[in-house]
Structures are given as structure tokens and as C-alpha cells.
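Reading the structure
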Amino acid sequence: MGHKIKIAGWISVGALAGALTTVSLQTVARGAMTPLPLEEIQQLSAVFGLIKTDYVEPVDDKKLITDAISGMVASLDPHSQYFDKKTFKEFREGTSGRFVGVGIEITQEDGLIKIVSPIEGSPAFRAGLKTNDLITKIDDTAVKGLSLNDAVKRMRGEPGTKVTLTIFRKDESRTFPVTVTREEIKTQSVKGKVIEPGYAWIRLSQFQERTVDDFVRKVEEVYKQEPNLKGLVLDLRNDPGGLLDAAVAISAAFLPEDVTVVSTDGQLVESKATFKASPEFYLRRGQGDPLKRLPASLKRVPVVVLVNEGSASASEIVAGALQDHKRATIMGSQTFGKGSVQTVRPLGPDTGIKLTTARYYTPSGKSIQAKGIVPDVMVDETAEGDLFASLRMREADLEKHLSSGQGEEAQDPAREKAREEARKRLEEESRKPLAERRLPEFGTDKDFQLAQALNQLKGRTVIASKTLTERKEEPKEN
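Focus on the packing of helix α9 (residues 244-252) against helix α10 (residues 314-324)
Relative orientation of the contacting elements α9 and α10 amounts to 25°, with a least axis distance of 9 Å. Considering the angle they form, α9 stands roughly parallel to α10. Once α9 is placed against α10, the crossing between them reads as right-handed. Contacts from Leu244, Ala247, Ile250 and Ser251 in α9 reach Ala314, Ile317, Val318, Ala321 and Leu322 in α10.

A word on the side chain of Gln369
With respect to the helices and strands, Gln369 occurs in the loop between β19 (352-361) and β20 (377-378). According to the relative accessible area criterion, Gln369 is buried, its value standing at 0%. Only 2.9 Å separates the side chain of Gln369 from the backbone nitrogen of Gly339, close enough to count as a polar contact. Those residues in contact with Gln369, other than ones at most four positions away along the chain, are Gly337, Lys338, Gly339, Ser340, Glu395, Leu402, Ser403 and Ser404.

Quick look at the packing of aromatic side chains
Enumeration over the complete set of coordinates arrives at three aromatic pairs. Between Arg237 and the ring centre of Phe442, over which it is positioned, the NZ or CZ distance is 3.9 Å. One cation-aromatic arrangement involves Lys458 over Tyr199; the distance from NZ or CZ to the ring centre is 5.3 Å.

Points about the sheet that holds strand β12 (residues 199-204)
Read from one edge to the other, the open sheet built from six strands follows the order β11-β12-β13-β16-β17-β20, with strand pairing classed as mixed. The strands lining the two open edges of the sheet, one partner per strand, are β11 (190-196) and β20. Of the strand pairs in this sheet, strand β16 (residues 303-307) and strand β17 (residues 329-332) are connected by four bridges, and their pairing is parallel. Among the inter-strand pairings, Val305 is bridged to a residue of β17, identified as Ile330. Its contacts with the sheet put α10 on β13 (231-235), β16 and β17, and the angle it makes with β16 is roughly 140°.

With respect to unusual backbone geometry
The general pattern is negative phi for most residues beyond glycine and trans for most peptide bonds. The phi dihedral of Asp139 falls on the positive side, at around 55°, and the residue is not glycine. Here Asp139 is to be found in the loop between β6 (134-138) and β7 (141-142). Backbone geometry places Ser173, a non-glycine residue, at a positive phi of 50°. Judged by relative accessible area, Ser173 falls into the exposed class, the value being 61%.

Conventions adopted
- Residues numbered from 1 in each chain as written.
- Predicted model: local features only at pLDDT ≥ 70, side-chain atom pairs only at ≥ 80, totals over all residues.
- Heavy atoms only, no water.
- Axes fitted to C-alpha atoms, helices over the stretch in contact; angles between N-to-C directions.
- Helix = DSSP H or I, 4+ residues; strand = E, 2+ residues; numbered from the N terminus.
- Parallel < 35°, antiparallel > 145°, perpendicular 65-115°, else oblique.
- Left-handed = near helix turned anticlockwise from the far one by under 90°.
- Contact = heavy atoms within 4.5 Å.
- Buried < 20%, exposed > 50% of the residue type's maximum accessible area, 1.4 Å probe, protein only.
- Polar contact = N/O pair within 3.5 Å; in protein donor to acceptor, adjacent residues only side chain to side chain.
- Phe/Tyr/Trp six-rings, centres within 6.5 Å; stacked < 30°, edge-to-face > 60°.
- Lys NZ or Arg CZ within 6 Å of the ring centre and 35° of its normal.
- Pairing = 2+ DSSP bridges.

Okay, structure coming up:
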């Protein structure tokens, strides 16, 4: 199997996931089975010529061609993408877990950028920025009206350069500027702790290059504090995915050696593959096996995996593998359903294409694509119910999504009504003080789903959802 990985390169999964494979432009065309459609190629040439001669102002040739390539790739499915020089660099930063910036996790609130948390040890952390601070300006640009992505791009830059953030701190009712020097930030994708004697919680927020090493270190910390572990909660909620080899490794940490973790199927020979819980399927060249440091009892300790609609791709691979092998109880809500394989191929020194090349299948042969993983026990987000889950988009809601190949998910008219009601609840919730909001931080003593996971591990009564149901499938209409 190792030779297949070398031929195809690392296969990428997830919104920010991927890796590189070296392929010549001639090789990219190897899958062409029919002659090029000359009439359509002539039309493309004619349109290009008309734009050059008739458009209201001159248009750069390279821009026209680049946009045509981008549109062609984007029309395939939501996850295929053309990378220009800038986006290719950003993509590689996202998979490495490293980027140059100020070091804050952010979200949007009332059109402004709110700091969720400064990353410990980062420039923002050292500058004294705090959770719930609002950013109103980035240098001389007002944040109001900027998208989250645009704000992130403005805060990133070259190491050693400075950016001035204008901060509004609500609890002090003051606005002030903070100048921060950008530097390389190393994100932490693994958190964890002993919740109570005998029970631990480990959360994976993304599958990056360093996730497996970080996971092993966190497990070592947990066992050092609690050698007689009775149960573990693996939290994959809102984990959008990441690198396939990391997902295989995390699965292998819990499964018997050599059992199937996931399989793929597509047009290319190397797309027809089976990945197993063995080092050859997750180790990178020149690296030792970090899983050898794990306590042997981790293979036997009872496990609950928490998932929700935000659990996608690599998260679904792990959840599906542990579920099919009956190694863990899956709890929460039906996952996102991103079960397609994206392979990244360079088109030159600084451009590339991310192309969907296969679908993922769980060990029992179920397609993950547009279906997701259905938990063994459905559990609401809070004791009051699943308040805002209907707002979250899933793969089957995306325009032009790839079908599962095993029947398409049914469209439910009631879902839009539920979303509208949830939007109103969310607006009301956002106006409340932080301490009164009903969606607590994952891993806290107010985390309802975590509490139910602990009940499951202890053999106590679990408060299962009375409203959540599996989103069914129906034959796709032509």
C-alpha cells in the first residue's frame, strides 16, 4: 500500500486540509478517455476574443485565463478549487498548523471582529488582548463590512511587520490602539484534561501535521495524572477535518493493528485504496511512530466519541472507523457528510489544483459523502434541546455537492422553517451576557453533551434527544 501513497501523494480531506503531490502537466491529462470537444474549445476561444476586443475596458490575458480555470474547477463540486500563488500559500499554511499573524481566534459580532481567544504565547497574547475584545479597525481600514476572511488576510503578513488593531473593550467602555508585530504562529489542535478521577476528555479541533504528536503528548499527560483511566471522551465536535494520515493514525491509536480504517474509490487506480491501522499507512518518510509511546491500555479503555453537524471529513473517518469496529460509542448529532477525497496537484512552482478524486467509505462499506455518520445515541446540544443545530449547513445542503453514490439525501421542507426559528433564537441569545448564554464552551462543567458522554461511560442514564432523527436518503432525481 505504501507505494500507492508515494504515487498519489498525500490525499487531503477537510475544508483546510491537504498536502502536495508532484505531477507533471502531461500526467494530469492521463485520465482523458475521449478527444477534446473542438466545437466548445472554439467557443471558448471566440468568447476570449470578444472580451479582448469588445469589453468596455482592457482585460489582462492572464486574469481571463486564470478566472476561466477557476470557474471550470469550481463548477465541479464545493471542494474542488484552483489555487493561484496567494491562495496556494495560504492553503499550505492551513495544513501545517503554522501561519504568520498576530495569534488570535476570532468570530464576527454585530459586523465587528470579536476575539474568541488569544493563542497563548502569541504576539496578541503578549500585547494584552483579551477574550471578547472587539476589533473595530485593522490599520486604517474599518472592520465594519469586512468579511471574516478579509479581516484575517489583513492581519496576516510577513514576519516582523507590524499591524495596528483598534480595540473596543466592552467591560472598560474604552477604545484604544494596539500595535502588534506579526510572527509565525503555531496553532494547537489538541486539548485535553482529566475531568474527574478515572475519566478524561481530549478534543481535536483539526487534523494537522502535528496533531498526532500533540495527541500522543496529551494522552501521556492524562495517564501521568490518572494512571487508572476508566473512560475517555474523544471530542470531534466542530472539527472540520484535515490530513488523511492523521485521521488514520488517531483511529489506529484505539483499534487493533491492521484492521481497515477507511477505503476510497474513484477513477484513478491509486484512488482505489484501503487504509489500515498500521504504521505504513500513516507514517511519513523519515519519522518514527509516535503511537508506540501510547499506553497499551488505550486500546481497551471505554471510549465515547462526540460529534455534531460541524464534524467533517477526517473527523467522520475516525468516528466511522471506531463505530464500525464497535470500539467506541458515537454520541451527538449526524455529522457533516464530507466524504470526498481531494488530491492537490501543483501546476507550476506556485499554483495548483485541488481536485475531488474519490469517495470515502467506512470499514463496513458505507459512503460518508452527503450522508455523514449517524450517532449510536442522538444527544441534544443543551438540556433545553438542540437550539441552533438547524442553522449549521451540511454537505447535502451545499449547491453542486457530490452524491453519496448510494442514494441521495431527502430534502425536508420543514428544515428551512426550523432554521428560521433557530436564527431568531440565536439573535436573542447573542444579546444576553456571556454567562447567561446557553451554549457553553466545550469541555466545561456546563457542557451538556460531555455530561451525557460521561454518563454513558459510567453506565448511568443518558438523556437522549427526543427530537433529533437521522436525515434519510431518497433516490436522486435526474
